[in-house]
Amino acid sequence: MLLWSLILLTSLTGLDGEMHEVTFSPDSQHIAFHWVPLNGQAGIFRRPVAGGPPKLIAATDGNGSALRPAWSPDGKSIAFVRSKGRMDYRIFIAPASGGPERKLASSSCRDFVWSTDSRFLITGQFNTPNQPDEWDCSLVLMSVETGKVVSKLAARGGQPALTPDGLTLAYRDASRLYLLTLSRNFQPTGPPRLLTTEAGAVGNVEWMPGAKQFLYSIWGPRNQFRVASIAAGKPRTLPDLDSAGLENDIRSIRFSPNGALAVAELNQPRNALWRLDTETGHLEKFRNIPWTDTMLRFTSNGSMTFLSTRNAAKEIWTASADGGKSRPAYTSKAEILYQEPSPDGKSIAFLTQPGDLFSIPITGGVAKRLLPKTIVFPVSWSNNGRSLYFATAAKEAKEDRIWRIPASGGEPVEVIKQDSFGVKESPDGKYLYFTNSRYPKLRRMPLSGGKDEAVSDQYLHFWPDFIVSAKAIYYIARGLNDSDLALMRVDPVSLKSTKAARLDFHPTLMQLSPDGRSIYLERHDPPVGGLFKLDGLK
């Protein structure tokens, strides 16, 4: 039985760029995969599972993209698809050790699987070649030596998956799953057996270790993975992947031939930290961020805190400013929404779902609950580190209000009794800067109390994201359209605004460097494919 327990993900290759479509060598010691490096030649590569330099097997070139590698059971060859566009799929074969490739089929429905004796491919052919449709394909047995079709196995089908003994073929026809029993020479011994009909299209059919059941996915608004047994019985849905933070992220799961390794292909986010010079406005990428990490915050002593799912759980980590010497400081059972280190770099305040406020020593230890279930992020520290500011809804008001609580715990005090959300103290301790919650514009009021005033009449791109320093106030202004963003600088005395830089991307968070000379902006790019070792399958 396959059970989802604590799911752990670790990078399978440690390579940069985009990776898809892993296939294992018969001895489970090597993998082949499609790789698009950040800088370099894209194509199909092989490398040992244990690590080592990748070797190019088939390059993406004028003949088309090299995709979907599949290792032959005898370990001698790798078959793959070349494509120049949609519905243009040609099957090629190359030596697994490297060498000239050979075209096997000039037209294919993309998906195929090797026969167990490495003499044939079971692949799809378009039923109407003049109007190719990947949902209207027949499954055929094709000779690897000649490229000719030996026999037709099914009038309609795709995503073929063959058991290690070669006697059972699983395949899908749109939303239906079939099993076909084969003879020793890979011929049908009877009609296909309908196993189940799903609500959505079926894909990613993969036999599991033991060949008694197989895994498949159902495409739809929410992707699902299900397990079907070769014996009669209703397929069962795997538990939701929300608890592992992988909802809709897994594209496919592959198992090594020896059953010791499971590899997941994920939609891997691309994160980066950008640095902007506050004097010149020059913007450049500072460094890449591991896809598991987010909400990076620098401390006054030059270290860094951030949220991470490296261990498939919401954790707070600490590291040196360059990302080295990283280690977990706190593991939470609940989702962590926000974290902020104290000005002296000794403590971290954080919020968990549904709004519990905690603090922990930055070196780790037991978390202290300061307030339960009342907080709206973000949280900020007072300059002296003795108090924390947070937003919450007032009892008889619809707007958010700003409160202050001793960092050691105690009764909160309402400090801004009007619509307000994010808040920060000025370095000189004279003002509280804050934004409106409904219409995010920046305002300030004397810390000692009194009338508030507008700092800018421009709308902020993100409610709580602004910086207050001794020399300037910075915020990201939203223009007439959503893509028109600019970093604005405000003189704290005259309140005159000037444009510091134009932004061509949407940052998620920004902060001032400890020396005050740079602004760091966190950016989340669209996801790419990544290959990860998947632990937690039993």
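Predicted model only: the values in this text are computed from it and were never measured.

> So what's going on with the overall build of the protein? Which residues, and what values?
Scanning the protein for helices and strands turns up zero helices and 46 strands. Relative to its full complement of 538 residues, the protein shows a buried share of 52%. The contacts in the protein between residues at least 6 apart in sequence include a share of 38% that link residues at least 24 apart. As presented, the protein carries roughly 24,600 Å² of accessible surface, and 50% of it is formed by carbon and sulfur atoms. Where the 64 positive side-chain charges of the protein centre and where its 53 negative ones centre are 2 Å apart.

> An account of the side chain of S382 is needed here, citing residue identities and associated values.
Here S382 is to be found in the loop between β33 (376-381) and β34 (387-393). Here N384 takes part through its side chain, which lies 2.7 Å from a polar atom of the side chain of S382. Beyond its immediate chain neighbours, meaning those up to four positions away, S382 contacts P343, S387, Y389 and E425.

> Could you give me a rundown of the packing of aromatic side chains, with the residues and numbers involved?
The full count for this structure, using the stated rule, is 13 aromatic pairs. Taken together, a centroid distance of 6.1 Å and an interplanar angle of 65 degrees make the contact between F120 and F186 edge-to-face. Taken together, the residues span a long stretch of sequence, with F120 in strand β11 (residues 120-126) and F186 in the loop between β16 (176-181) and β17 (193-197) at a distance of 66 residues. For the cation-ring pair, R82 lies above F92, with the distance from its terminal atom to the ring centre recorded as 5.7 Å. The ring of Y459 has K441 lying over it, and the distance from NZ or CZ to the ring centre is 4.7 Å.

> A description of the pattern of salt bridges should follow, citing residues and the corresponding values.
A complete count under the given rule lists 19 salt bridges for this structure. As a salt-bridge pair, E134 and R110 come within 2.8 Å of each other at their nearest N and O atoms. Of the two residues, E134 sits in the loop between β11 and β12 (137-143) while R110 sits in the loop between β9 (102-105) and β10 (112-114), which places them 24 residues apart along the sequence. A relative accessible area of 16% means that R110 is categorised as buried. When the shortest N-O distance is used, the salt bridge between R275 and E284 registers 3.2 Å. The exposure class of E284 is partly exposed, given its relative accessible area of 32%. Where salt bridges share partners, they join R68, R110, D111 and E134 into one cluster.

Procedures and definitions
- Sequence order sets the numbering: in each chain, residues are counted from 1 along the sequence as written.
- Local features in a predicted model are, by the rule used here, given only for residues with pLDDT of at least 70; side-chain atom pairs are given and counted only at 80 or more, and totals for whole chains, interfaces and linings are based on all residues.
- Calculated side-chain values reflect all of the structure's heavy atoms, with hydrogen atoms and water omitted.
- Only DSSP runs of H or I reaching four residues or more are called helices, and only runs of E reaching two or more are called strands; each is numbered from the N terminus.
- In this scheme, a residue with accessible area under 20% of its type's maximum is buried, one over 50% is exposed, and one in between is partly exposed, where area comes from a 1.4 Å probe on protein chains only.
- Contacts are assigned to residue pairs that have any heavy atoms within 4.5 Å of one another.
- What sets the accessible areas is the Shrake-Rupley method with a 1.4 Å probe; for residues, cover comes only from the shown protein chains.
- The charged-residue count follows a simple rule in which Lys and Arg add positive charge and Asp and Glu add negative charge, with His and chain termini not counted at all.
- By convention, charge coordinates are those of NZ in Lys, CZ in Arg, CG in Asp, or CD in Glu.
- Nitrogen and oxygen atoms within 3.5 Å of one another constitute a polar contact, given that in protein one can donate a hydrogen and the other can accept it, and given that sequence-neighbouring residues count only through two side-chain atoms.
- For this analysis, a ring pair means two rings from Phe, Tyr or Trp (six-membered ring only for Trp) whose centres lie within 6.5 Å, classed as stacked if their planes differ by under 30 degrees, edge-to-face if by over 60, and tilted for the remaining angles.
- Either the NZ atom of lysine or the CZ atom of arginine qualifies as a charge over a ring when it sits within 6 Å of the ring centre and within 35 degrees of the ring normal.
- When a carboxyl oxygen of Asp or Glu is within 4 Å of a side-chain nitrogen of Lys or Arg, the pair counts as a salt bridge.

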